[in-house]
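Remarks on the overall topology
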2 protein chains.
Amino acid sequence: MKRAAWILLLAIPAAAWCSPAPSLASACTGCHGPEGAGSGIFPRIAGQPEVYLQKELEFFRSGARPSPMMQRVTKALNDADIAALAAYFSKLHPPYTSAAGALSAAQKIRGQQLATVGDWQHGVPGCVRCHGPGLNGVAPQIPALAGQSPQYVVSTLRLFQSMNMHAPHYFPVTIMGRVARGLSDADVQAVTGYIAQLKPGEIPQTSRPPHDAAYKFIAQSPDEFKPPPETAIPGGLDGEEIWRGRLIFEDTQRYARQYTGNTLNCSSCHLDRGRRANSAPMWAAYIAYPEYRSKNHKVNTLEERIQGCFRFSMNGTPPAADSPTMVALVSYFHWLATGLPVGITPKGAGYPKLPSPHTSPSIERGTAVYAANCAMCHGANGEGREARGTQIFPPLWGPHSFNWGAGMEQTSTAAAFIKANMPYGAGETLSDQQAWDVAAFVVSHPRPQDPRFTGSVATTRAKYHRTDSYYGRVVNGKLLGAPANSGE
Amino acid sequence: MKRAAWILLLAIPAAAWCSPAPSLASACTGCHGPEGAGSGIFPRIAGQPEVYLQKELEFFRSGARPSPMMQRVTKALNDADIAALAAYFSKLHPPYTSAAGALSAAQKIRGQQLATVGDWQHGVPGCVRCHGPGLNGVAPQIPALAGQSPQYVVSTLRLFQSMNMHAPHYFPVTIMGRVARGLSDADVQAVTGYIAQLKPGEIPQTSRPPHDAAYKFIAQSPDEFKPPPETAIPGGLDGEEIWRGRLIFEDTQRYARQYTGNTLNCSSCHLDRGRRANSAPMWAAYIAYPEYRSKNHKVNTLEERIQGCFRFSMNGTPPAADSPTMVALVSYFHWLATGLPVGITPKGAGYPKLPSPHTSPSIERGTAVYAANCAMCHGANGEGREARGTQIFPPLWGPHSFNWGAGMEQTSTAAAFIKANMPYGAGETLSDQQAWDVAAFVVSHPRPQDPRFTGSVATTRAKYHRTDSYYGRVVNGKLLGAPANSGE
């Protein structure tokens, strides 16, 4: 480290930095390299999302993100300086200098797995779920990781591992603290190595993991059921169908967009590609159907249940029961359920029902919970985030979210889902009351009309929403469900 | 017993009985009651199928059916006498005198179960499967049991229990020997009591067995899997749907005739309502699909597989994947598979593959096997039997049988099915070679065209019948599969 540069930098009065002046920026480039291209332990800051850079500088300055060095530097900056620097570096795109070291074949496979699908059994979602396709970042606040130097990523993961997750002044640690704790030392080496060799701006194709011919089916207790690893997907056309279903499930917008009317994916509500317990896993659904549903007063096949998701949660026009999309999805679910006894209800099915709240869910309190825990990803207006053509964080209300017929529009369902699964990868972080409150906040916004709309909000409510739904209720002076307030 | 009557009878020269003379008949009515209405140990013979009466008299005469008394009586009869008596009594319909004693509620339930669905775990098919709806008999050779006196039925069952099943000169013992051995003493009391109180000519409605609320799901070894008892069908709409599927499966001609093009039922090929191991049980099918099938070179959902049955085995137009008929069938199969792990292949799935035959299957040898073991039920021309509007024994070839696209038209599939399941209730009775031979005999007859017919037998054979099928081969001077020889 160039100690002389730091002393020089600190000697310049902060007031002199009123714009992205070369002098101000050069204080950063001293360590972060020319144009902020990054070097060793000093991360690349060039091209990162502007809001991300600004927020991180503020976190350094307040000490919320601990770094003695960066705290000293940022103490000298006022808000205008920070804004100017963030704006300046976010627009720079110097060439990358690859920091990638050699990776063994096993490290590459593991690194790719962690980066793309994660290791949910250890609490690790795939990095791409938040950092976007190819780990190129998601505006406004999720940094790009592709090509970032391993030294920096390793040290940041170590920092996350060491921080107090339960009283964070630095929100990312809520998620990243859990993630980092789920990684072994070997995992950290593998994933940081994999990240380093990604070519920024590129999006690697999702490819089937290499088939593990040695995989053997193991009988499991249904209540601790884990679906088979994707390396166990069989060869031949069976395997191709399963894999096609897996792709549709994870990225419905890419592979089955014609059946959707919003920007959600199956995996928006069923985490870890439908594998995760307490996240309405598809293995539990597979063995349950056909089953009676009070929603439509009849026994539904699995296909009809899936059609319900497309119609309501995806606000679309469902694929036919015998369409290729349906065959692929059912094949995938069937494979996920391998070894699970038919017709039982295993632990982890659906979303675990939340006990009734101590005090009635409060939209007002929920507003604060949302701002602190949800807005960074889902946006202040619940609009969600997309990056490079892929929906990363689903919209939670408004024209591109689930409609008033979806199960998730019920406060109790949303609260149960949120408690177990949100923030992403950090389920069980919110209190029950927080989950109820933020659920009430989310589901009390306009969204697309219920496809079963009778022509009258009152009769539609009477017929389909005699629940804890906000449909047909007046919130902020708006009659929710009224055609004029359907978020469309 | 009126000994004097017997002495008198035997004193009359046989030559004098050349027609159904009152004197000849009165020799029978002396014991069997006025007009042969039956009395105590002497069964009702009035109204029984003519061929049945004739064959039984012949069997008594030859000693194949052991009865010292009847052998003595029949020794005096020539073929013409026997024919005349059979013709005479088959046309009589004197009123029944109920021989029913008191039955406990438990006996009534068990008796009904044995009579209608049987107890296949102990090798007992339901009596109705052969004796027809309401046990009113099936022409030409299966006797009516309804209203028959318990003393007679008990003694006949005891006789069947005592006879050598393995070298029968009396064919019915092949089946009834197995059945009778599967009945406990209490079962014999229950079923004969139930039979006695049936009103001849009536057909009791198939009703759901009383629900056993105490039934508890028990984890089982998949390789010894038994589907749950029908008393465990749940209440509510789930149970109604399952029961509907069960009815459709057992009596497809009554409940889903519009989808069939012949007179077969699902249960024609899947014995014991799809429950029986080695009879392509539906619990094994349920957990297998979706699965790749070489038949159509793609992954098939369960629904598509079922549609294949309707299209080929039932020669019909399949129900849509989301039709009520399909929902009911899939619900039934799902329930049958309760507790069975998804995606494995348990013992008993499909029909057990038969080892290759020692000598090539011979149609000629098969002809003899068929005559001795199959013709009584399926008819000399494979035409099957119906009684009172219900198909009892399915046609095995000809216009009302499965078509050339069905799996069963392959010699190996038919042989495997026959070996494990035929004669009905007496599977594993034929030798492997007999099964191969009789299979070849059955599948080398005309039957409805393959729905995939290309317009040319040669190309259809090349495309779909590169197996041990007789499609496109010349048998008895006929090109099988040729439109003129499609059995239609």
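Residues numbered from 1 in each chain as written. Chains lettered and ligands numbered in written order. Predicted model: local features only at pLDDT ≥ 70, side-chain atom pairs only at ≥ 80, totals over all residues. Heavy atoms only, no water.

Residues and elements named next belong to chain A. By the assigned domains, chain A splits into domain 1 (3-90), domain 2 (105-197), domain 3 (222-336) and domain 4 (363-485). Using C-alpha coordinates to define each centre, domain 2 is positioned 29 Å away from domain 4. Across the boundary between the two partners, domain 2 contributes 18 residues, which contact 17 residues of domain 4. Contact with domain 4 buries surface across domain 2, with Pro 133, Phe 171 and Arg 178 losing the most and accounting together for 30% of the total. Linking domain 2 with domain 4 are zero salt bridges. (Domains from an automatic or database assignment. Contact = heavy atoms within 4.5 Å. Buried area = accessible area lost by both parts, 1.4 Å probe. Salt bridge = Lys/Arg side-chain N within 4 Å of Asp/Glu carboxyl O.)

This brings us to the packing of aromatic side chains. Residue and element names in this part refer to chain A. Scanning all chains against the criterion turns up 31 aromatic pairs over all chains. Where Phe 59 meets Tyr 170, the ring centres are 4.9 Å apart and the plane angle is 80°; that geometry is what we call edge-to-face. Taken as a pair, Phe 59 in helix H3 (residues 50-62) and Tyr 170 in the loop between helix H8 (150-162) and helix H9 (172-181) lie far apart in primary sequence, 111 residues in all. Like Tyr 170, Phe 59 is buried. Plain terms: the ring middles of Trp 120 and Tyr 424 are 5.5 Å apart, the flat faces sit at 75° to each other, and that makes the pair edge-to-face. (Phe/Tyr/Trp six-rings, centres within 6.5 Å; stacked < 30°, edge-to-face > 60°. Helix = DSSP H or I, 4+ residues; strand = E, 2+ residues; numbered from the N terminus. Buried < 20%, exposed > 50% of the residue type's maximum accessible area, 1.4 Å probe, protein only.)

This part covers unusual backbone geometry. A cis amide bond, omega 5°, links A:Ala139 with the succeeding residue A:Pro140. Following A:Tyr289, the chain continues into A:Pro290 via a peptide bond in cis, with omega recorded as 0°. Inspection of the secondary structure puts A:Pro290 in the loop between helix H15 (282-288) and strand E3 (291-293). Residues other than glycine seldom take positive phi values, yet A:Glu428 does so here, at roughly 65°. Tracing the backbone shows A:Glu428 in the loop between helix H20 (411-421) and helix H21 (432-443). One non-glycine residue, B:His297, lies in the positive phi region at around 55°. Structurally, B:His297 is set in the loop between strand E3 (291-293) and strand E4 (298-300). When its relative accessible area of 57% is taken as the criterion, B:His297 is described as exposed.

Turning our eyes to something else, we now look at the interface of chain A and chain B. Frequently, the measure chosen for interface size is the accessible area removed from exposure when the parts meet. Taken residue by residue, the interface counts 29 residues in chain A and 29 residues in chain B. Summing both partners gives a buried area of about 2,300 Å² for chain A against chain B, and 65% of it is carried by carbon and sulfur. Interface area lost by chain A to chain B is led by A:Val299, A:His334 and A:Val342, which between them contribute 26%. Run the count over chain A and chain B and you get zero salt bridges. The interface formed by chain A and chain B includes 12 residue pairs in polar contact (both at pLDDT 80 or more). Elements with a contribution of two residues or more to the side of chain A that touches chain B: helix H11 (236-250), H15, E3 and helix H17 (324-336) of chain A. The element best represented in the side of chain A that touches chain B is H17(A), accounting for four residues. Looking at the side of chain A that touches chain B residue by residue, the classes come out as 17 nonpolar, seven polar and five charged. (Polar contact = N/O pair within 3.5 Å; in protein donor to acceptor, adjacent residues only side chain to side chain. Nonpolar A, V, L, I, M, F, W, Y, C, P; charged D, E, K, R; others polar.)

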